[in-house]
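The primary structure of each chain is shown beneath.
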Number of protein chains: 2
Amino acid sequence: MTFPNAGTTRVACAQLTLRVGDQEGNRAAARAAIERAAAAGAEVVVLPELTNSGYVFRDKAEAASLAEPLDGEAVADWTALARRHRMIVVGGLCELDEDGLIRNSAVLVDPTGLRAVHRKAHLFGTEHEIFVPGAELPPVVDTAVGRIGLLVCYDQEFPEYVRTLALRDADLLCVPVNWPLFPRPRGERPSEVIRVQANAAINRMFVAACDRTGTERDVVWTGGSVIVDLDGFPAAGPATGTDDALLIADCALTSARDKRVGEHNDVLGDRRPELYRSVIRSTHPLKEEAR
Amino acid sequence: MTFPNAGTTRVACAQLTLRVGDQEGNRAAARAAIERAAAAGAEVVVLPELTNSGYVFRDKAEAASLAEPLDGEAVADWTALARRHRMIVVGGLCELDEDGLIRNSAVLVDPTGLRAVHRKAHLFGTEHEIFVPGAELPPVVDTAVGRIGLLVCYDQEFPEYVRTLALRDADLLCVPVNWPLFPRPRGERPSEVIRVQANAAINRMFVAACDRTGTERDVVWTGGSVIVDLDGFPAAGPATGTDDALLIADCALTSARDKRVGEHNDVLGDRRPELYRSVIRSTHPLKEEAR
């Protein structure tokens, strides 16, 4: 598999309006968005969390009725388009897994087919009533353009978990998200965008987070998609407002393998792992021990 | 010890211009800044990194000539003022430790005297030529206004290390910093400020980072001091430009003990420590194992 732009990779976030329960409509919206990204020269396109189903389920039964397996129609659509356009698609999937469990997943497909699935490990809001959380390290996939890591939404608010991707040399982290709109001071970026920026800078790893727009059963989505560079600054976005958006950034992905800052520092090499032991303990035993 | 404002605590950052080698001048500048903070009603004031010495040493010998012990004049000054004004002072100290080693330290003093010292564990630039890094967890100090954690500058760029403070219930993280000015896109905040914001939001912990201003032997300081609230938004600052500044924010410090977000989430309780094991390993063994 070869791609144009050997030096840089064109990364896109296709921020979409989706409708819970409208499987046909959501599939069509995703296909159209991937086509638009391909037309803009994108080699990697990220879609929002739960692109096939929408997010605000009435109950687990509704989610179950919308979940589909990894060999279902959504992944088949994305794979066909990845093949046609010789690109990589990362999308959020309401997944019915091989054991019949419902998962909030991100998948990565490329022209060779399905390459990886990540099941959201940190569940937000009432998601515990619907999804079974993942219990694995997130995948890092060797692709033709570089090494791509996957997370889903709230996962990226746990920097210990994000770090595990950088430690396995992810060049680009792709994060399908659905960010509910929270109030914020005038002029401030959404807090989630700030976390994306920090994750990128702290790990010197590109991060593309693709959000939703619109309102779904009284939940307003932030629409804050952003692609962030190795210094933590937006290379595209953050998107604002309520419109669908196609963010495009040309990223020299393999430059993420150089973790140096200046002549003397290295953001991974400067770590002091022996001082971080408490982060792998549950909170309460640590409290007991430390006092 | 009692303080006014039972509900909130007035936290200050005294952003200063310092001069390397000018011990008398730096001590006077720190005293004046603490007095100004006290006059503004501050109950906690944070001073920059290496307040007593300045930062850009010619060599280790120069740093050694400026380092002072914990019972030296700088800490004595700060303690006297903490006692007079019934306040807490956190300041950066070029420290000569009990073994004759030079440390880049932060100290916390209150009206009862020296309460804690933290020795910078993550050294930046050429600091390895001068300082011996700390090898401990950073302290969390029970004070009359709440639990205060200490870090120094580059330490806060390691979110695994910051997390260890939140896991021990720090309400407020005080960080003396010296941020060299790096280029950034127009309209963007310094990357270091973004990291402070993310650390605060991710841990639901107040963070006060106090920077320097001016130019020292060709190093321009960012002057980006900031006090950030539990949602990751600035409560005061970020300071800009090249002036000394006194940032003031009234922070309901003990509200940091409530880690909930909405009805269903808790930023510490939602952690999955069993998935973070790789962060305590050194990078290379992990790489070997993961591939």
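Whatever comes next refers back to the structure up there.
Please read these numbers as outputs of a predicted model, since none were measured by experiment.

S.K.: Tell me about the layout of surface pockets, residues and numbers included.
M.R.: Computed from the structure, the largest pocket encloses a volume of approximately 820 Å³. Considering the residues around the largest pocket, the lining is formed by 40 residues, among which V261(A), F124(B), P180(B), F182(B) and E192(B) are closest to the centre. Of all the secondary-structure elements, those providing two or more residues to the lining of the largest pocket are β16 (260-261) of chain A together with α5 (191-203) of chain B. Element by element, the count of residues in the lining of the largest pocket is highest for α5(B), at 3 residues. Of the residues contributing to the lining of the largest pocket, the split by class is 21 nonpolar, 8 polar and 11 charged.

S.K.: Please provide a residue-by-residue account of the packing of aromatic side chains, values included.
M.R.: All told, the structure shown has 10 aromatic pairs over all chains when counted by the stated rule. The interplanar angle of 70 degrees and the centroid separation of 5.0 Å between the aromatic rings of F124(A) and Y154(A) together place this pair among those described as edge-to-face. A residue pair is termed long-range when its members are at least 10 positions apart, and F124(A) in the loop between β5 (113-119) and β6 (140-142) and Y154(A) in the loop between β7 (147-150) and α4 (159-166) qualify at 30 residues. On the accessibility criterion, F124(A) (18% relative accessible area) is buried. Ring centres of F57(B) and F131(B) lie 6.1 Å apart, and the angle between their planes is 70 degrees; on these two criteria the pair is classed as edge-to-face. Residue F57(B) is found in the loop between β2 (44-46) and α2 (60-66), and its partner F131(B) is found in the loop between β5 (113-119) and β6 (140-142); the two are separated by 74 residues along the sequence. The two residues F57(B) and F131(B) agree in class, both being buried. Taken together, F124(A), Y154(A) and F158(A) form an aromatic cluster joined through their ring pairs.

S.K.: Explain helix α5 (residues 191-203) of chain A residue by residue, including any values.
M.R.: All names here are of chain A. Relative to the 18 Å expected for 13 residues at 1.5 Å per residue, α5 spans 18 Å between its end C-alpha atoms, a close match to the ideal helical length. With 13 of 13 residues buried, α5 is to be regarded as a mostly interior element. At the exit of α5 stands R204, carrying a positive phi of roughly 45 degrees.

S.K.: Would you mind going over empty space enclosed by the protein in detail, with residue names and values included?
M.R.: Using the criterion set out here, one finds 1 cavity of 30 Å³ or more in the structure. In this structure, the largest cavity is lined by P159(A), A198(A), N199(A), I202(A), P159(B), A198(B), N199(B) and I202(B). Contributing elements (two or more residues each) for the lining of the largest cavity: α5 of chain A together with α5 of chain B. Of the residues assigned to the lining of the largest cavity, the class counts are 6 nonpolar, 2 polar and no charged.

S.K.: With reference to specific residues and values, describe unusual backbone geometry.
M.R.: Both trends apply: most residues other than glycine have a negative phi, and most peptide bonds are in trans. Cis geometry marks the peptide bond from G237(A) to P238(A), where omega comes out at 0 degrees. Checked against the element boundaries, P238(A) lands in the loop between β14 (234-236) and β15 (245-251). Its identity as a non-glycine residue notwithstanding, D218(B) has a phi of 75 degrees, on the positive side. Secondary-structure assignment places D218(B) in the loop between β11 (215-216) and β12 (219-220).

S.K.: Help me get a handle on the pairing of strand β1 (residues 9-17) of chain A, residues and values and all.
M.R.: Residue and element names in this part refer to chain A. In terms of burial, β1 is largely enclosed, as 7 of its 9 residues are buried. As defined by bridge partners, β1 adjoins β15 across 7 bridges and the pair is classed as antiparallel. Each bridged residue has a counterpart across the sheet, and for Q15 the counterpart in β15 is A245. Here β1 runs beside strand β2 (residues 44-46); their pairing, made up of 3 bridges, is parallel. Looking across to β2, one finds that C13 is bridged to V46. The handedness of the β1 to β2 crossover, carried by helix α1 (residues 23-39), is right-handed.

S.K.: Please set out the sheet that holds β14(A) residue by residue, giving values where relevant.
M.R.: Residue and element names in this part refer to chain A. Read from one edge to the other, the open sheet built from 6 strands follows the order β6-β7-β8-β9-β13-β14, with strand pairing classed as mixed. Only two strands of the sheet have a single neighbouring strand rather than two, namely β6 and β14. Taking the axes of each pair of neighbouring strands and ignoring which way they run, one obtains an average angle of 25 degrees across the sheet. Strand direction decides the pairing type here: β7 and strand β8 (residues 172-176), joined by 3 bridges, are parallel.

S.K.: Residues and numbers for the sheet that holds strand β7 (residues 147-150) of chain B, please.
M.R.: Residue and element names in this part refer to chain B. If you trace the 6 strands from one edge of the open sheet to the other, you get β6-β7-β8-β9-β13-β14, paired in mixed fashion. A single partner strand is all that each edge strand has here, and the edge strands are β6 and β14 (234-236). Averaged over all pairs of adjacent strands, the angle between their axes in this sheet comes to 25 degrees, without regard to strand direction. Packing of α5 onto the sheet brings it into contact with β9 (206-210), β13 (226-228) and β14, and relative to β13 it is tilted by some 20 degrees.

S.K.: Before we move on, can you summarise the relation of the copies chain B and chain A with the specific residues and values?
M.R.: Turning chain B through 180 degrees and shifting it by 0.0 Å along the axis lays it on chain A, with an RMSD of 0.0 Å. Put plainly, the chains are arranged around a two-fold axis. Interface residue correspondence from chain B to chain A reaches 100%, placing this contact among same-surface, isologous pairings.

S.K.: Let's hear about the environment of A32(A): which residues, and what values?
M.R.: Within the secondary structure, A32(A) is located in helix α1. In this structure the C-alpha to C-alpha distance between A32(A) and H128(A), which are 96 residues apart in sequence, comes to 31 Å.

S.K.: An account of the interface of chain B and chain A is needed here, citing residue identities and associated values.
M.R.: One frequently used descriptor of interface size is the decrease in accessible area upon assembly of the parts. Listed per partner, the contact involves 61 residues of chain B and 61 residues of chain A. Of the roughly 5400 Å² buried between chain B and chain A on both sides combined, carbon and sulfur atoms contribute 61%. Contact with chain A buries area across many residues of chain B, yet F233(B), L275(B) and I280(B) alone supply 12% of it, more than any other trio. Where chain B touches chain A, the interface holds 6 salt bridges. Between E160(B) and R163(A) there is a salt bridge, with the nearest N and O atoms lying 2.6 Å from each other. Run the count over chain B and chain A and you get 22 residue pairs in polar contact (both at pLDDT 80 or more). Residue assignment for the side of chain B that touches chain A shows that the elements contributing at least two residues are α4 (159-166), α5, β17 (265-266) and α6 (283-290) of chain B.

S.K.: Can you lay out the state of the cysteines for me, pointing to particular residues and giving the numbers?
M.R.: Applying the stated criterion across every chain yields a total of 0 disulfides over all chains. No disulfide involves C251(A); its sulfur sits 9.5 Å from the nearest other cysteine sulfur, which is in C13(A). The thiol of C210(B) is not disulfide-bonded; the next cysteine sulfur, from C13(B), is found 4.8 Å away.

Calculation rules
Here the residue numbers are simple positions, counted from 1 along each chain's written sequence. For naming, the first written chain is A and the first written ligand is 1, with later ones following in the order written. Per-residue local features are limited, in this predicted model, to residues with pLDDT of at least 70; the limit for side-chain atom pairs, both in listing and counting, is 80 or more; totals at the level of whole chains, interfaces and linings are taken over all residues. Computation of side-chain values covers all heavy atoms of the structure but excludes hydrogens and water. Buriedness for pockets is judged along seven lines, at least five of which must meet protein on both sides within 12 Å for an open set on the 1 Å grid over protein atoms alone, while cavities are sets there where a 1.4 Å probe fits but cannot get out, and lining residues have an atom within 4 Å of a point. Grid points are joined across faces, edges and corners, and a volume is the space filled by probe spheres set on the points. The helix count covers DSSP runs of H or I at least four residues long, the strand count covers runs of E at least two residues long, and both are numbered beginning at the N terminus. Note that Gly is not counted as nonpolar here; it falls among the polar residues with everything else outside the nonpolar set of Ala, Val, Leu, Ile, Met, Phe, Trp, Tyr, Cys and Pro and the charged set of Asp, Glu, Lys and Arg. Here the aromatic set is Phe, Tyr and Trp, taking the six-membered ring for Trp, and pairing holds for ring centres within 6.5 Å; pairs whose planes are under 30 degrees apart are stacked, those over 60 apart are edge-to-face, and all others are tilted. Each residue gets one of three labels from its accessible area relative to the maximum for its type: buried under 20%, exposed over 50%, partly exposed in between, using a 1.4 Å probe on protein chains only. How far a helix is expected to stretch is found by multiplying one less than its residue total by 1.5 Å. Strands were regarded as paired on the criterion that DSSP finds at least two bridges between them. When the strands point away from the viewer, a crossover counts as right-handed if the path from the first strand over the helix to the second runs clockwise. Axis definition: a line fit to C-alpha positions, over the contact stretch in the case of helices; interaxial angles, taken between N-to-C directions, run 0 to 180 degrees. Contact definition: two residues touch when any of their heavy atoms are within 4.5 Å. Alignment of copies: least-squares fit on C-alpha atoms of residues with pLDDT of at least 70 in both copies. Computed with a 1.4 Å rolling probe, the buried area is the accessible surface lost when two parts are put together, summed over both parts. Each reported salt bridge corresponds to a side-chain nitrogen of Lys or Arg within 4 Å of a carboxyl oxygen of Asp or Glu. Think of a polar contact as two N or O atoms within 3.5 Å of one another; within protein, one of them needs to be a possible hydrogen donor and the other a possible acceptor, and neighboring residues in sequence only count if both atoms come from side chains. Here, a disulfide means two cysteine sulfur atoms that sit within 2.5 Å of each other.

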